[in-house]
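Per-entry structural report
Letter by letter, the chains look like this.
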Amino acid sequence: MRLTILITVLLITLYNVKGDHLVLGNIGVRTSLAHEKIVTYNPFPFLKRVKTYFYSDPRNRPIVGIQVIDMLHSKASVNITAGGLGQPFVNLRMKSERGSGLNYSIGIYVNPDYQ
Ligand SMILES: *[C@@H]1O[C@H](CO)[C@@H](O)[C@H](O)[C@H]1NC(C)=O
Ligand SMILES: *[C@@H]1O[C@H](CO)[C@@H](O)[C@H](O)[C@H]1NC(C)=O
């Protein structure tokens, strides 16, 4: 019983974290930050703002990690619509909460030894 409650709380927490942020692959040891970008969009009353962001590695290195953080900790969401891990490019689609703006921090990680 208590375990069920604990698991439920854990799942809700995970779900909430997932709603705010997107962290995929390896963003820690033995990776290097290939690209960092802050994407913002001004709020517009009653509307959800949608913005896409495309990254293509200039040296064609495959992406090993992606970190997209919602700095507003809002109900915004982010999805990958093309590319991603193992590919040298990624297309991200970000959508704000109704009536809110966007403020996402994007980090793209690659293998530092990649030739
Ligand atoms: C991301 O995908 C989920 C599930 O399909 C959807 O509910 C959400 O609106 C999408 N967000 C964006 C920014 O496309
Ligand atoms: C985005 O969020 C960061 C961290 O909270 C803040 O420093 C920055 O001013 C924000 N940018 C905009 C355009 O709101």
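Scroll up for the structure.
In short, a report on the structure.

**Re the nonpolar core**
In this structure, V68, L92, M94 and I106 are the most contacted members of the largest nonpolar core, which totals 16 residues. Within the residue set of this core, elements represented by two or more residues are β3 (50-56), β4 (63-70), β6 (89-95) and β7 (102-110). For this core, the element with the highest residue contribution is β7, accounting for four residues. Discounting chain neighbours no more than four positions away, the residues touching M94 are V39, R49, V50, K51, T52, Y53, S77, V78, L102, Y104 and I106.

**Focus on the site of ligand 2**
Every residue close to ligand 2 is listed here: T40, M71 and N103. In this structure, an oxygen atom belonging to ligand 2 sits 2.3 Å away from a side-chain N or O atom of N103. In isolation ligand 2 has 370 Å² of accessible area, and contact with the protein removes 33% of it.

**Here's the deal with the site of ligand 1**
In the vicinity of ligand 1, the residues found are S77, N79, R93, M94 and K95. With respect to ligand 1, the side chain of N79 contributes an N or O atom lying 2.3 Å from an oxygen atom. K95 is positioned with one of its side-chain polar atoms (N or O) 2.6 Å from an oxygen atom of ligand 1. The biggest single contributor to the shell around ligand 1 is β6, with three residues. In terms of residue class, the shell around ligand 1 is made up of one nonpolar, two polar and two charged.

Rules of the game
Residues numbered from 1 in each chain as written. Chains lettered and ligands numbered in written order. Predicted model: local features only at pLDDT ≥ 70, side-chain atom pairs only at ≥ 80, totals over all residues. Heavy atoms only, no water. Core = buried A, V, L, I, M, F, W, Y, C linked by side-chain atoms within 4.5 Å. Buried < 20%, exposed > 50% of the residue type's maximum accessible area, 1.4 Å probe, protein only. Helix = DSSP H or I, 4+ residues; strand = E, 2+ residues; numbered from the N terminus. Contact = heavy atoms within 4.5 Å. Near = heavy atom within 4 Å. Polar contact = N/O pair within 3.5 Å; in protein donor to acceptor, adjacent residues only side chain to side chain. Areas by Shrake-Rupley, 256 points an atom, 1.4 Å probe, with all protein chains shown as cover. Nonpolar A, V, L, I, M, F, W, Y, C, P; charged D, E, K, R; others polar.

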